[in-house]
Amino acid sequence: MPDTLTPVLTANWADERSWTLDAYTRRGGYAALDKAFAMSPDDVIELVKASGLRGRGGAGFPTGTKWSFIPQDNPRPKYLVVNADESEPGTCKDIPMMMATPHTLIEGVIIASYAIRSHTAFIYVRGEVLHVIRRLQNAVREAYAAGHLGQNIHGTGYDLDLVVHAGAGAYICGEETALLDSLEGYRGQPRLRPPFPAVAGLYASPTVVNNAESIASVPSIVNNGAAWFASMGTESEKGKSAGFGIFSLSGHVKRPGQYEAPLGITLRELIDLAGGIREGHELKFWTPGGSSTPIFTAAQLDTPLDFESVAAAGSMLGTRALQIFDDTTCVVRAVLRWTEFYAHESCGKCTPCREGTGWMVQVLQHLEAGTGREQDLALLLDQCDNILGKAFCALGDGATSPVTSSIQYFRAEYLAHLTNGGCPFDPAASTLFGAVPA
Amino acid sequence: MITDDVVAELREIAARYPQPRSGLLPMLHLVQSHEGYISADGMAACGDVLGITPAEVKAVASFYSMYKHHPVGDYLVGVCTNTLCAVMGGDAILERLKDHLEVGTDPHGEGSTTADGKITLEHIECNAACDYAPVVMVNWEFLDNQTPESAVQFVDDLRSGREVSSTRGPKICTWRQAERVLAGFDDGLADEGPSAGPASLVGLEIARQNGWAAPAASGASDGVPSA
């Protein structure tokens, strides 16, 4: 039985100048690279497959399997694109990882590129994180100077170029095909699939798109073995959630922050570690994996946070972005704000998402202001029904999650806004600094 | 002004990529660093370098929220008002700053600027720092764990030319300087600031206090798994 917390990716974050090549190398960094180079690319893919690593960006697709989909008989160049566009509300793991230890990601990029036989890789990082971008750019320069990138890496004859690419503000670019359009210099709008990126991705060439945490997990698997990775996590007849992940606690807990643990830890355990809900209050609702995953209440405190158990309980593990709201928080206000976000971020390509999110905002505004009607709840659910599954990508699906789940658990609170003639909550009570002097 | 030197830098960006058009986003960041916004001249220059029309450039420039079509102040202050930060105090911070800076309206939906041209205030969406809520970004540097009072203090400091440092980064540079870094040009500041803020380290500290670690690798000589 592994320990409650298992720092691997976070293990060096408190090291002196952890972001530098020196600090990373002192801890054994870039040793996995030589281990990987001693293997055939196909064996590296088999190793990652055997570890059970599944995508850490939300969807949970097996990483090694994705790599194996790259058609090696396709004569076009192959590309690796790291999705570091971390923008899902509540998600805040990749940004501190890249700030503290960019070389972990870069070592993973080199190993993954070698495995899929790519000679050009990209880190697509959201533009709104200036210092993280400095650290990434600097680490790439250091890696070139040390011979970890460029021509004939470590004398193996393998060449790889890595470009750090800053986005320009668009949540949709976290969707892998929108990200590829954006990286090609277009508006970030999703593509119809198939063809999947593995067949026709960047520049219509075979492309792997992986989340930053997925790629950063690869060096540890190469160093310590597939069995080591799989010794953490959960397994049931429904499937396997292997390894560790970073769980991001935010909101009304005493010690919000990053907790790296085997998949399957529960929110009850995490809240205990975080010192509990803030004094004098109790848990009201939470997101297991960002705002696009249906909310939970105290009833799911003991649900193992792995892919299968969270799905069985009616939500998704997503990005392990645990946003915690206590009893001072108005769920209608929270859902309205998330819905405004989706309406703003909808790229406009698909009518159900573009129009539907806007209509949901209007209905929710009326409900929050106490000027709606009870039938508006049925109207909202009908709008969700007209969005869910009816657009190219998952943005619209995600927009329905907070609406349907909040009506499921908190119908009475919606109705209380109508009988009360407005929101019965004092927003100042939810803030960290209490009432605001006028 | 889009000088020959700027055009040379635009070409340099395009040359980083297997296909030059991939450089368009960083090229537009560079336009902002020189022009203070996405100017018509800047879009035309990008189009010339890439062999595409100004309309094709504008289609891209109008899609992304970091591109501004009106002049931006020296400091772009973005208050996160997505749900979690809003609930934790972001809404109150934004209201206080609007009041304090006397910038009530947002005529173009991309922030409003103080009369002295120093500060552009806008609300932003989740910036991936929820464990530091409420969060305010200044020129895309983190100012963590803010209150209305602390926010008023730092905008006053910025307006009067006093030094303000990011909670997890260097002294705040100007917006134009920041846009240059986003275009891929080094400013030598990567080594400023800490490895991580306190919230990023809480799990690691608890693990250390309890002697918790990832299992030893089978066959690892020191019994300690490596990252």
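Residues numbered from 1 in each chain as written. Chains lettered and ligands numbered in written order. Predicted model: local features only at pLDDT ≥ 70, side-chain atom pairs only at ≥ 80, totals over all residues.

Q: Can you help me understand the overall build of chain B in this one?
A: Regarding its fold elements, chain B presents 8 helices and 5 strands. Reading the secondary structure of chain B in the N-to-C direction produces α-α-α-α-β-α-β-β-β-β-α-α-α. Taking the principal axes of its C-alpha atoms as reference, chain B extends roughly 60 × 50 × 30 Å. The 227 residues of chain B split such that 57% are buried. The long-range fraction of contacts in chain B, counting pairs at least 24 apart against all pairs at least 6 apart in sequence, stands at 60%. (Helix = DSSP H or I, 4+ residues; strand = E, 2+ residues; numbered from the N terminus. Buried ≥ 20, exposed ≤ 12 C-beta atoms within 10 Å, placed from the backbone. Contact = placed C-beta atoms within 7 Å.)

Q: Mind showing me how you'd approach the overall build of chain A here?
A: The secondary structure content of chain A amounts to 18 helices and 10 strands. Expressed along its principal axes, the backbone C-alpha trace of chain A runs to roughly 75 × 50 × 45 Å. Across the 438 residues in chain A, those meeting the buried criterion constitute 60%.

Q: Whenever I open this one, the interface of chain A and chain B confuses me. Can you help?
A: Interfaces are often sized by the amount of accessible area the parts lose when they come together. At the junction of the two partners, chain A supplies 91 residues and chain B supplies 73 residues. Looking at the side of chain A that touches chain B element by element, the count peaks at 7 residues for helix α7 (residues 130–145) of chain A. Class assignment of the residues belonging to the side of chain A that touches chain B gives a composition of 44 nonpolar, 35 polar and 12 charged. (Nonpolar A, V, L, I, M, F, W, Y, C, P; charged D, E, K, R; others polar.)

Q: What am I meant to see in the nonpolar core here?
A: Generally speaking, soluble globular proteins have nonpolar side chains that are buried together. In this structure, V81, V82 and I111 of chain A together with C46 of chain B are the most contacted members of the largest nonpolar core, which totals 208 residues. Per-element accounting of this core gives the leading share, 10 residues, to helix α5 (residues 83–101) of chain B. (Core = buried A, V, L, I, M, F, W, Y, C linked by C-beta atoms within 7 Å.)

Q: Would you take a moment to explain the sheet that holds strand β10 (residues 321–326) of chain A for this structure?
A: Consider a sheet: its strands pair through backbone hydrogen bonds, and that pairing is either parallel or antiparallel. All names here are of chain A. Strand order in the open sheet formed by 4 strands is β8-β7-β10-β9, and the pairing between neighbours is mixed. Strand pairing shows two members of the sheet lacking a second neighbour, β8 (257–262) and β9 (283–287), which therefore form its edges. Averaged over all pairs of adjacent strands, the angle between strand axes in this sheet comes to 25°, irrespective of strand direction. Examined bridge by bridge, β9 and β10 share 4 bridges and lie antiparallel to one another. Along β10, the bridge assignment pairs T287 with Q323. (Pairing = 2+ DSSP bridges. Axes fitted to C-alpha atoms, helices over the stretch in contact; angles between N-to-C directions.)

Q: Would you take a moment to explain the sheet that holds strand β5 (residues 141–143) of chain B for this structure?
A: All names here are of chain B. The mixed open sheet is built from 5 strands, whose spatial order is β2-β3-β1-β4-β5. Both edges of this open sheet fall to β2 (112–113) and β5, since each of them pairs with a single strand only. By the bridge criterion, 3 bridges tie strand β4 (residues 136–138) to β5 in an arrangement that is antiparallel. Across the sheet, the residue bridging to M137 is F142, located in β5. α5 contacts β1 (75–80), β3 (119–124) and β4 of the sheet and is inclined by roughly 140° relative to β1.

Q: What should I look at first to understand the packing of helix α15 (residues 351–369) of chain A against helix α16 (residues 375–387) of chain A in this one?
A: Residues and elements named next belong to chain A. Packing of α15 against α16 leaves a shortest axis separation of 9 Å and a crossing angle of 165°. Taken together, the axes of α15 and α16 lie roughly antiparallel to each other. Crossing handedness for the pair α15 and α16: left-handed. Contacts from P352, C353, G356, W359, M360, V363, H366 and L367 in α15 reach D376, L379, L380, Q383, N386 and I387 in α16. Its residues assigned to classes, the contact of α15 with α16 comprises 9 nonpolar, 4 polar and 1 charged. (Parallel < 35°, antiparallel > 145°, perpendicular 65-115°, else oblique. Left-handed = near helix turned anticlockwise from the far one by under 90°.)

Q: So what exactly am I meant to see when it comes to the environment of I2 of chain B here?
A: Residues and elements named next belong to chain B. Tracing the backbone shows I2 in the segment before α1 (4–14). In the structure, I2 is positioned 28 residues away from L30 in sequence and 10 Å away in space, judged by C-alpha atoms. Discounting chain neighbours no more than four positions away, the residues touching I2 are V7, H34, D41, G42 and A45.

Q: Explain the packing of α5 of chain B against helix α6 (residues 148–159) of chain B here, please?
A: For any two helices packed against each other, the geometry comes down to the angle between their axes and how far apart the axes lie. Residues and elements named next belong to chain B. Relative orientation of the contacting elements α5 and α6 amounts to 40°, with a least axis distance of 9 Å. Judged by the angle between their axes, α5 and α6 are oblique. Along this stretch, α5 crosses α6, giving a crossing that reads as right-handed. Between α5 and α6, the contacting residues are A92, I93, R96, L97, H100 and L101 on the first element and P148, A151, V152 and V155 on the second. Considering only residue class, the contact of α5 with α6 consists of 8 nonpolar, 1 polar and 1 charged.

Q: How should the pairing of β10 of chain A be read in this particular structure?
A: Regular strands place their side chains on alternate faces of the sheet. Residues and elements named next belong to chain A. Counting buried residues in β10 gives 6 out of 6 residues, a clear majority hidden from the surface. On β10, burial covers both faces: A321, Q323 and F325 on one face and L322, I324 and D326 on the other are all buried. The sheet contact formed by strand β7 (residues 244–251) and β10 spans 4 bridges and is parallel. Directly across from L249, in β10, lies its bridge partner L322.

Q: Explain the domain arrangement of chain A to me, please; I cannot follow it from the model alone.
A: Residues and elements named next belong to chain A. Assigned domains of chain A: these are domain 1 (21–225), domain 2 (233–326) and domain 3 (331–428). Taken residue by residue, the interface counts 9 residues in domain 1 and 9 residues in domain 3. Across the side of domain 1 that touches domain 3, the residue classes tally to 6 nonpolar, 2 polar and 1 charged. (Domains from an automatic or database assignment.)

Q: Help me out: how do you make sense of helix α8 (residues 202–210) of chain B in this one?
A: For an α-helix the count is 3.6 residues per turn, leaving residues at separations of three or four pointing the same way. Those residues of α8 of chain B not exposed but buried are V202, G203, L204 and A207 of chain B. Those residues of α8 of chain B hidden inside the fold are in contact with β8 of chain A. G211 of chain B sits one or two positions beyond α8 of chain B and adopts a positive phi of about 70°.

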